[in-house]
Amino acid sequence: MSRENSSRLIVVNESRRGFVLGFGAGSLVLAFGGGALARLAHAQENKEAPKYGGAGMANGLRDDPRLFVEIGADGTVGIFCIRSEMGQGVRTSVAMVVADELGADWARVQVKQAPGDEPKYGNQNTDGSRSLRQSFAALRRAGAAARAMLEAAAAAAWAVDVGEVKAGVHEVVHAKSGRKLGFGELAAKAAALPVPKADTLKLKAPSEFRYIGKDRTRLIDGADIVSGRAQYGIDARLPGMLYAVVARSPVYGGKVASFDAAGADKLPGVVRIVQLNATPVPSGFQPLGGVAVVADNTGSAIKARAQLKIQWDAGSNSSYDSTAYRKQLEAANRKPGKRIRDDGDVDQAFAAAAKKVSADYYTPHLAHATMEPPAALAQVKDGRCEVWACTQAPQESREQVAKALGIDIGQVTVNVTLLGGGFGRKSKPDYVVEAALLAKELGKPVKLTWTREDDLVNDYFHAVAHSHFEAALDKSGKVTGWLHRIAAPSISSTFAPDPKHESAGELGQGISDMPFAIPNVRIENPEAAAHTRIGWFRSVYNIPHAYAIQSFVAELAHAAGRDHKEFLLELLGPDRQFAPQLAAGNAWWNYGEDPAQYPVDTARWRRVIETVAKESGWGRKLPKGRGLGLAAHRSFVTYTAAVCEVEVGDDGAITVPRVDIAIDCGPQVNPERVRAQMEGAAIQGIGLARYGEISFKAGRAEQTNFHQFQILRINEAPREIRVHLVAPDDYSQPLGGVGEPGLPPIAPAFVNAIFAATGKRIRDLPIRSQLAAAKTGKAA
C-alpha cells in the first residue's frame, strides 16, 4: 500500500524482494490542515481531560477529518491510520470505519501510516485492546465530518440548500436535478471549508453500514504480506547505512566491567565497536547498555560480537533463581497479605464448612518471542533524528529518543513500519533508542537488529505468578467462603522503585473484579519482589489470574460432584451489573473505562458460557481418553469463554481435535478479524500452556532460542477452531477489546479438558514436563 516518509527509504531483502515505496504528493487534500487546532485540543485535554475512555489516555483522541482523510483530484481517498499494524488488521478496520461514514468506494481507498506525533494525532499507542474500542466514535465523526464538508461543497457548487444533497458511494447527488459530483471533483473546495462541529454531524444508522460489521472487506495489507512485499522494521534501509548488534548483560541491572575487542575489531566488515552506558535499575524504556558492534552488514556484526571478551558486573540480580523464587512465592502465599477484597466473614465460613478444598497454581515467566525480533533504523543529522521502526508506541519512542539524545522531541520523527508480531514487546522502545544512540555516534544511518537470542534473554518478561486458594463448601456443595492469595512481581518495578505488590491495574485483571456471588470473600496480595525486567504481554496478568481461578472452579465442581458448566453458572449468581467494592486502600481499575458504561455484567458472563457450551456440544459422550474443558473470563471489558476438546494417548501424547470460543465484545467492526484474533489466541494459548517458560539461574534466562522456548508446531495445533460471535451487531452495548481477550480462557480450558480425559490435574505450567504422567486412567 502507499505510504509517505520524509526521507528516501529503501526496503530491500534480497532473499524475498526488492523495491522502493513512495507516494506522489500531487493531490488535493483535506489532510494536515488542523495542526493549530490539534495543539489547541491537546492543551484543552491536558487541562480538562475526562477521567475515562479515550479522552483519558495520554494526549486523548482526535476527530478532525483534516488529520485522517485526504482526497485526490482523481478521487483516491487516503485514510491515515495512527495505530500500528502487527497482523491484527487495525489498518483495515480503522479505514473501514472512516470510509463507511465518508461514503467512500472501498476499491478507491488507500491506507497511509501516520508518523508518531501524539500532540497532532492524539494517542497512538497500540496496546490494551483499545484501538477501536476507544477510537470508534472519533473515527466515525472524522468520516462523517468529511462527508458533510463534501456535501456542503456540492451544495455551494449547485447553489442549492445543503439539505437537498446527499453523499452516496464516492459521489454527492442532488436528487431533484439528478446532478452528481465525484469526491475528487469536490475535494479542493471541501478542504477550504470549516470543519463542522461534532454536535451537528449526522452519523449513519447501523442499517446503512456498507463495511462496518461486514466480512466482505479485503485486508488492506493481505496481498503484500502473503507475497513478501510488506515492509517490516527489519527490512528498512537507507543509502550508506551501517548495521549493528549489541552484547547486553544477561542479568538485569548488570553492566560492563571491562571488555577486550582485540580480534573482533579486525574482522572483515567491522566498522567500530562502541560501549553503551547501562541505565540504572529501574531502567524503564531506556537501553540496558553493553557493547555494540557496528559493521557493513548484520552477519559480520554478529560474528564480531561473538569474539568480544566481556567481563560483566552482574549486579544485584545475579542470584535470581526461578526455582528458589517459586518457593518464596509459595511461602508468601502461606501467610496473610495485603487485603484487596474482604467481603462478609471468611473465617466464620470456613469454621462452618462441611467441606474445604485448597489448591495452588503456578505460571512461569514468558517471553514475547515475536517472529520479527525488535529492529530499528535511525539517522541523526543536523540536530534531528529520524527513525523507522516496528513499534507499537511511536510517541513513546519519540520521547525516549529525545531524552537519550538530549534534543527537543520536535526534532525526532518516528516512522512506523509493519510489525512482525508485537504482543506488547514493541511498546517498549529500548531498541529504538539503541539505534538512535549508535546513529549519533557513527554519524551515519544505523540499523539495529536484535537476534532471537537477544530477544529471549533480554526481554521484558511476562510476570511469574503463584496463586493459593481455599474454598468452603456447605452440605449441598455450594461455595460459602473463598480465599485467594496471589503473589506476582509488578510491571511497576520496571519504571519505579519496586512496590512488591501488583498494581490496581494488574489486580483489576480478574482479581478485584472476580464476579462470583459468594457471600464471604477474601483476596490478598502478598509481597513479591522483581528480579528481571517485567513488561506487559498479550492479555497481561489476565493469563495467570484466569488460569488459576478457572482451574480452581473446575476443581470445586469436581469436589462438589457437579457438572462444571452448571457449577460455574451457579457461582455467577443472578444476573446483575456492579462495580466491585474493595477493601480500604484499594481502587478498582476497569481498563480505563467508566464503570457506569462498562460494569461487570454477569449476564454477559453467562451468555458466553452458555453459547460456547451449546455450540461445542458440552456434555456429549466422548470415547475413553477424550475430554472437554471449560473456562471463561472478562478482560479488556470483553467477555470470552472457551471449550477445549483434548485427546490423551496412553503414552501421554496430547492432541486437540477442537476448540470452541465465544466472544461478546459488543458490536464488531470487522468480524473476520475478530475470528482471526480468537483463532490466534487459541493456538498461542495452547502453545504457552504446553511449552511456555523462561526460567532463571544465576540471574540469567536459561532459554536462548526456539529449541528451548518452544512454540506450538502445526501438527500440535487444534484440528478445528470454531469462533462464536455473540451479539455482533448489538449497538446498545459499547465496543470492547478484541486483540487480547481470547487468550486468558484457553489455558484453563485446556488443562480442565486434560483432567476430564485422564483424571490428571495440571496445576503448574507449562505442561511439558508432566505429559508422561498424564496417561489415561491416572488419578489426580
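Structure first, text after, so check above.
This is a predicted model, so every value here is computed, not measured. (Residues numbered from 1 in each chain as written. Predicted model: local features only at pLDDT ≥ 70, side-chain atom pairs only at ≥ 80, totals over all residues. Heavy atoms only, no water.)

1. Observations concerning the overall build of the chain
When you go through the chain residue by residue, the secondary structure sums to 19 helices and 31 strands. In terms of C-alpha radius of gyration, the chain reaches 27 Å, essentially the compact-globule figure of 28 Å for 780 residues. Looking at the chain as a whole, 60% of its 780 residues qualify as buried. Put simply, 78% of the contacts in the chain that link residues at least 6 apart link residues at least 24 apart. Surface summary for the chain: the accessible area is close to 28600 Å², and the carbon and sulfur share equals 51%. (Helix = DSSP H or I, 4+ residues; strand = E, 2+ residues; numbered from the N terminus. Rg over C-alpha atoms; globule rule 2.2 N^0.38 Å. Buried < 20%, exposed > 50% of the residue type's maximum accessible area, 1.4 Å probe, protein only. Contact = heavy atoms within 4.5 Å. Areas by Shrake-Rupley, 256 points an atom, 1.4 Å probe, with all protein chains shown as cover.)

2. A few points about the environment of lysine 355
Its location among the elements puts lysine 355 in strand 16 (residues 355-363). For the pair lysine 355 and glutamine 328, spaced 27 residues apart in sequence, the C-alpha to C-alpha distance is 29 Å. Every residue in contact with lysine 355, bar those within four places of it in the chain, is listed here: Ala471, Ala472, Leu473 and Ala559. Looking at lysine 355, its side chain comes within polar contact range of the main-chain oxygen of alanine 559, at 2.9 Å. (Polar contact = N/O pair within 3.5 Å; in protein donor to acceptor, adjacent residues only side chain to side chain.)

3. A short note on the sheet that holds strand 7 (residues 171-174)
One open sheet accounts for three strands, arranged 6-7-8; its pairing is antiparallel. Strands at the two margins of the open sheet, each flanked by one partner only, are strand 6 (165-167) and strand 8 (179-182). Strand after strand, the sheet turns through a mean of 20° between neighbouring axes, direction not considered. Sheet topology note: the strand 6/strand 7 ladder contains three bridges and is antiparallel. Its bridge partner being in strand 7, valine 165 is matched across the sheet by histidine 174. Running at roughly 75° to strand 8, helix 6 (residues 183-191) makes contact with strand 6, strand 7 and strand 8 of the sheet. (Pairing = 2+ DSSP bridges. Axes fitted to C-alpha atoms, helices over the stretch in contact; angles between N-to-C directions.)

4. Details of the packing of helix 18 (residues 671-691) against helix 19 (residues 746-758)
It is at 8 Å that the axes of helix 18 and helix 19 come closest, and there the two elements cross at 60°. As the angle between them shows, helix 18 and helix 19 are arranged oblique. Between helix 18 and helix 19 lies a crossing of right-handed hand. Counted together, Ala681, Ala682, Gly685, Ile686, Ala689 and Arg690 of helix 18 and Ile746, Ala747 and Phe750 of helix 19 form the full contact between these two elements. Residues that form the contact of helix 18 with helix 19 fall into these classes: seven nonpolar, one polar and one charged. (Parallel < 35°, antiparallel > 145°, perpendicular 65-115°, else oblique. Left-handed = near helix turned anticlockwise from the far one by under 90°. Nonpolar A, V, L, I, M, F, W, Y, C, P; charged D, E, K, R; others polar.)

5. Focus: the packing of aromatic side chains
By the definition in use, this model includes 17 aromatic pairs. With a centroid separation of 5.5 Å and an interplanar angle of 75°, the aromatic rings of phenylalanine 469 and tryptophan 482 are classed as edge-to-face. On the criterion of sequence distance, the pair formed by phenylalanine 469 in strand 21 (residues 465-473) and tryptophan 482 in strand 22 (residues 479-487) is long-range, its members being 13 residues apart. Accessibility expressed as a relative area gives 0% for phenylalanine 469, which makes it buried. The exposure class assigned to tryptophan 482 is buried, which follows from its relative accessible area of 0%. Ring centres 4.9 Å apart and planes at 50° place the aromatic pair tryptophan 589 and tyrosine 591 in the tilted group. For tyrosine 591, a relative accessible area of 3% translates into the label buried. Each residue in the set Tyr361, Phe469, Trp482, Phe516, Tyr547 and Phe552 is aromatic and connected to the rest through ring pairs, giving one cluster. Directly above the ring of tryptophan 450 sits arginine 248, whose terminal nitrogen or CZ lies 3.8 Å from the centroid. Above the plane of the ring of tryptophan 450 lies arginine 425, whose end atom (NZ or CZ) is 5.0 Å from the centre. (Phe/Tyr/Trp six-rings, centres within 6.5 Å; stacked < 30°, edge-to-face > 60°. Lys NZ or Arg CZ within 6 Å of the ring centre and 35° of its normal.)

6. Section: helix 11 (residues 394-405)
For helix 11, built from twelve residues, the straight-helix expectation of 16 Å at 1.5 Å per residue is met to within 8% by its first-to-last C-alpha distance of 16 Å. Residues of helix 11 that are buried: Pro394, Gln395, Ser397, Arg398, Gln400, Val401, Ala402 and Leu405. On its buried face, helix 11 sits against helix 4 (118-121), strand 17 (375-381), strand 18 (384-389), strand 19 (412-416) and helix 12 (430-442). Following helix 11 by one or two positions, glycine 406 has its phi on the positive side, about 70°. (Expected span 1.5 Å × (residues − 1).)

7. Here's the deal with the packing of helix 15 (residues 542-560) against helix 19
Running from N to C, helix 15 and helix 19 point in directions that differ by 30°, and their axes come no closer than 8 Å. Overall, the two elements helix 15 and helix 19 adopt an arrangement that is roughly parallel. For the crossing formed where helix 15 meets helix 19, the hand is right-handed. Residues Ala546, Tyr547, Gln550, Ser551, Ala554 and His558 of helix 15 form the contact with helix 19, whose own contacting residues are Ala747, Pro748, Val751, Asn752 and Phe755. Of the residues in the contact of helix 15 with helix 19, the class split is seven nonpolar, four polar and no charged.

By themselves, these observations are geometric and do not establish any function.
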